[in-house]
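Reading the structure
One letter stands for each residue in the lines below.
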Amino acid sequence: MALKKKIAVIVGSMRKESFNRKMAHALAKLAPETLELEIVEIKDLPMYNQDLESDFPESWKQFKESIDAADGILFVTPEYNRSLPAVLKNALDIASRPYGKNSWNGKPGGVVSVSISALGGFGANHHLRQCAVYLNIPMMQQPEAYIGKAEELFDENGAIKNEDTENFVKHFIDSYARWVKAHTS
Ligand SMILES: Cc1cc2nc3c(=O)[nH]c(=O)nc-3n(C[C@H](O)[C@H](O)[C@H](O)COP(=O)(O)O)c2cc1C
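Before going into details, it helps to say that this report is about the structure given with it. (Residues numbered from 1 in each chain as written. Predicted model: local features only at pLDDT ≥ 70, side-chain atom pairs only at ≥ 80, totals over all residues. Heavy atoms only, no water.)

1. Observations regarding the site of the ligand
Residues in contact with the ligand amount to 13 residues; listed here are only the nearest, Ser13, Ser18, Asn20, Glu79 and Ser115. Here Arg15 contributes a side-chain N or O atom positioned 2.8 Å from an oxygen atom of the ligand. Here Ser18 contributes a side-chain N or O atom positioned 2.6 Å from an oxygen atom of the ligand. Protein contact buries 74% of the 610 Å² of open area that the ligand shows by itself. A breakdown of the residues in the shell around the ligand according to their chemical character gives four nonpolar, six polar and three charged. (Near = heavy atom within 4 Å. Polar contact = N/O pair within 3.5 Å; in protein donor to acceptor, adjacent residues only side chain to side chain. Areas by Shrake-Rupley, 256 points an atom, 1.4 Å probe, with all protein chains shown as cover. Nonpolar A, V, L, I, M, F, W, Y, C, P; charged D, E, K, R; others polar.)

2. Some words on the sheet that holds strand E1 (residues 5-11)
Spatially, five strands are ordered E2-E1-E3-E4-E5 in an open sheet, and the strand pairing comes out parallel. In this open sheet, the two strands that pair with only one neighbour each are strand E2 (35-39) and strand E5 (145-147). Taking each pair of neighbouring strands and ignoring which way they run, the sheet shows an average axis angle of 20°. Strand direction decides the pairing type here: strand E3 (residues 72-77) and strand E4 (residues 109-114), joined by five bridges, are parallel. Across the sheet, the residue bridging to Thr77 is Ser113, located in E4. (Pairing = 2+ DSSP bridges. Helix = DSSP H or I, 4+ residues; strand = E, 2+ residues; numbered from the N terminus. Axes fitted to C-alpha atoms, helices over the stretch in contact; angles between N-to-C directions.)

3. Structural notes on the side chain of Ser103
Along the polypeptide, Ser103 turns up in the loop between helix H3 (86-95) and E4. Only 2.8 Å separates the side chain of Ser103 from the side chain of Lys64, close enough to count as a polar contact. If we ignore the near neighbours within four places in the chain, the residues touching Ser103 are Lys64, Ile67, Asp68 and Ala95. (Contact = heavy atoms within 4.5 Å.)

Shape is all these values report; function is a separate question.
Printed below as a string of structure tokens:
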């Protein structure tokens, strides 16, 4: 059997009860057996500062190594003030450096945005896509995943309550598996 593709999952919320983290777990549960999803934590990464590049902090190195080792990157993020959360932008910046050693380069990407608003984090989703252009992350275009009304989504065990939403999330992760296959040898 072919080896599973390793997918680094980046969650853009640091909140303990984060709906986006619950969605990341739901995606891992629904993923086909060709993918292995693992959350790579970003909350303890020191804020990017170019002065630190001469002596790269250990946590930055470890984070870059996790991204280097991944076959693909799946972002699951809330929207903050119509854009992506600072902690996620920080992670993007860190692994893009030093210049010429962009760890994101060429890794097939996917993005799910989860929000309490009916707009489903559209602004964050698309600002992230803008960064992905420069970072050279080939981002899956379809299906798009803007998931709203997050507070109604999960039961007390973190499972998706609504069958239609679960079917859509399954469709998304199956499509992403095909996207990863098409962009990796
Ligand atoms: C600083 C801040 C800004 C926010 N801005 C938006 C926003 O622009 N659009 C939106 O849909 N929700 C916004 N929200 C609400 C989030 O959708 C909500 O807090 C959500 O639960 C965050 O995701 P999480 O549960 O994964 O932490 C904002 C929340 C915070 C704390």
